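Each chain, written out:
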Amino acid sequence: MTTAVEHVDVLIVGAGLSGIGAACHLRRAFPRRTFLLLESRATLGGTWDLFRYPGVRSDSDMYTLGYRFKPWLGDSSIADGGAILDYLRETATEHDIDRHIRYGHQVRRAEWSSADNRWTVHAERTDTGEIVTLTAGFLFSCSGYYRYGEGYTPEFAGTERFAGPIVHPQFWPEDLDCAGKKVVLIGSGATAVTLGPALTEQGAHVTMVQRSPSYIISAPARDGLALAARRVLPARVAYAVARVENVAVSTAFYQLSRRYPEGMRKRIRGWQERWLPTGYDIDTHFTPRYDPWDQRLCLAPNGDFFRAIRDGTLEVVTDRIETFTAHGLTLASGATLEADIVVTATGLNLLAFGGLELVVDGKPVMLSASMAYKAMMLSDVPNFAYVIGYTNASWTLKADLVSEYVVRLLKHMDEHGYVRCAPVRDPEVGAESLFVNFNPGYVRRAANLFPIQGDRAPWRLRMNYLRDLVTLRYGSLADRAMRFERARRSEPVATRD
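The rules behind each value
- Residues numbered from 1 in each chain as written.
- Predicted model: local features only at pLDDT ≥ 70, side-chain atom pairs only at ≥ 80, totals over all residues.
- Heavy atoms only, no water.
- Helix = DSSP H or I, 4+ residues; strand = E, 2+ residues; numbered from the N terminus.
- Polar contact = N/O pair within 3.5 Å; in protein donor to acceptor, adjacent residues only side chain to side chain.
- Contact = heavy atoms within 4.5 Å.
- Salt bridge = Lys/Arg side-chain N within 4 Å of Asp/Glu carboxyl O.
- Buried < 20%, exposed > 50% of the residue type's maximum accessible area, 1.4 Å probe, protein only.
- Axes fitted to C-alpha atoms, helices over the stretch in contact; angles between N-to-C directions.
- Left-handed = near helix turned anticlockwise from the far one by under 90°.
- Nonpolar A, V, L, I, M, F, W, Y, C, P; charged D, E, K, R; others polar.
- Pairing = 2+ DSSP bridges.
- Right-handed = clockwise from strand over helix to strand, strands pointing away.

Colleague: I would appreciate a short explanation of the side chain of K374 in the present structure.
Modeller: Along the chain, K374 turns up in the loop between β21 (372-373) and β22 (377-378). A polar atom in the side chain of K374 sits 3.3 Å from the side chain of Y373. Beyond its immediate sequence surroundings of up to four residues, K374 is in contact with K398, Y405, P458, T471, L472, S476 and D479.

Structure follows, in structure tokens:
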């Protein structure tokens, strides 16, 4: 006797921000459709459960990082990690998602069969090593884009000589005591900008060492308009108002930065002159070589990063590390820094689709040769979608749109009797890197591991929520690139409604 393989209509990979949201959209649209979420970790939350370093928080406002269908009711616009995790747990409970999650299941391989019109998915149990096999009609990857098992740390000479702990924020020890300690914080990105003031609040003296600066701006921790709207309007209406406000502000800031980079450089510098002590060396420590939004801007809620500098508890040093010593660092300039603890906020390692290996009709899918369709599907890969959020706005804005599109796609297939759909690549469409206009180090190191994009719609990646809103929420599902097929016909059928 053989044991029947479990089958579901939709299989979601990942139970973080994207996966929980995708499950809620499916649950609301298809109450009777079967689905499962496979999560490699022991609990839901993804990023917001993994990261435990001091001060961990959102780097987007919660009115856009929150789901469209569930109002954020917290007082803070920029929320701490614990509050975000509570929001995710509450969402999962309200929509009865919890019982559909299989924890400790690391998805390794997914094989599509056109003969059977289904995916066969192999997942490894992280507790026993057992391989679990399921089948699904549609596969939805919501696993984010970085490697949970390791962060990125460059090779530094002399680390073996350092007497104190060297800590990466991705693996923060619960018992690490920084009170009264000299902490050297290596890095200049969002994690370092978050950690710096948080560690000073714990009583540490922090020296942030950066090879080159990033753009850092202050943002209100509380949204006055959102809180005022909540006092006079129903919660959902007030949330919608706050969401529109924050989308408009962030979109305008991004577009101005791309179109008038020199003007925005001057504007940001003017803000920093007001936030920093008189005479502070902004040119050295806060003036990047790149234009605003070539990399993501770092937010300092209520200017906490700048306040720590003014208070004398946080120092910024722009230099290169020559070597670690027993009691600190020696820099390329010859300067030395004493340290009891070194924190390497040096970045992430990216991982496409959680390391999932895709196979279509016996042929492995080469991601670097696959073209992204509407930045949410892959060329010639049937019944598959994925979420990769915006680099210039809240991740959830894109996640919500992709989930809504998948719901529309599944309804369209039901209505017309289609069993599979796949975007078919046009050989005349030119190809380029998926992240061509976004160049932080972690992206440059791994860009060749991700799909490519095309030089025209619908293959071109657009980091523009308002344009995607029209295309993904209201645009036609049947275009020249998308092929739909029925079960009993081998030739493509017409795609027009």
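Colleague: Looking at this structure, I do not really get the environment of W172. What am I missing?
Modeller: Looking at where W172 falls in the secondary structure, it is placed in the loop between β8 (166-167) and β9 (182-186). Here the alpha-carbon distance between W172 and C142, two residues 30 residues apart in the chain, equals 25 Å. If sequence neighbours within four positions are ignored, W172 has contacts with R52, Y53, P54, V167, C178, L195, L199 and V343.

Colleague: Sorry if this is basic, but what is going on with the pattern of salt bridges here?
Modeller: When their charged atoms lie close together, side chains carrying opposite charge are able to pair. In this structure the tally under the stated criterion is 30 salt bridges. Here D86 and R89 are joined by a salt bridge, their closest N and O atoms 3.8 Å apart. Remark: R89 and D86 occur in helix α4 (residues 81-94); sequence separation between them is 3 residues, near one turn of the helix. For D86, a relative accessible area of 46% gives the class partly exposed. What makes R89 partly exposed here is its relative accessible area of 36%. With a closest N to O distance of 3.0 Å, R108 and E124 form a salt bridge. Here E124 lies in strand β5 (residues 118-125) and R108 lies in strand β4 (residues 105-113), a separation of 16 residues in the sequence. E124 gets classed as partly exposed once you look at its relative accessible area, which sits at 25%. Look at the salt bridges and you will find they share partners, linking R27, D96 and R99 into a network.

Colleague: I keep staring at the packing of helix α1 (residues 17-29) against helix α11 (residues 395-416) and nothing clicks. Help me out?
Modeller: A pair of packed helices is captured by two measures, namely the crossing angle of their axes and the spacing between those axes. Contact pair α1 / α11: the axes reach a minimum separation of 9 Å and the direction vectors enclose 35°. You can see that α1 and α11 cross each other, and the crossing is right-handed. Here α1 contributes L17, S18, G21, A22, H25, L26 and A29 to the contact with α11, which in turn contributes W395, T396, A399, D400, S403, E404, V407, L410 and K411. Classifying every residue of the contact of α1 with α11 gives 8 nonpolar, 5 polar and 3 charged.

Colleague: How should the pairing of strand β1 (residues 6-13) be read in this particular structure?
Modeller: Regular strands place their side chains on alternate faces of the sheet. Looking at chain direction, β1 and strand β6 (residues 131-141) are connected through 7 bridges and run parallel. The residue of β6 that forms the bridge with V13 is S141. Inspection of the sheet shows β1 paired to strand β2 (residues 35-39) by 4 bridges, in the parallel sense. Looking at the pairing, V10 lines up with F35 of β2. With α1 bridging β1 and its parallel neighbour β2, the resulting β-α-β unit is right-handed.

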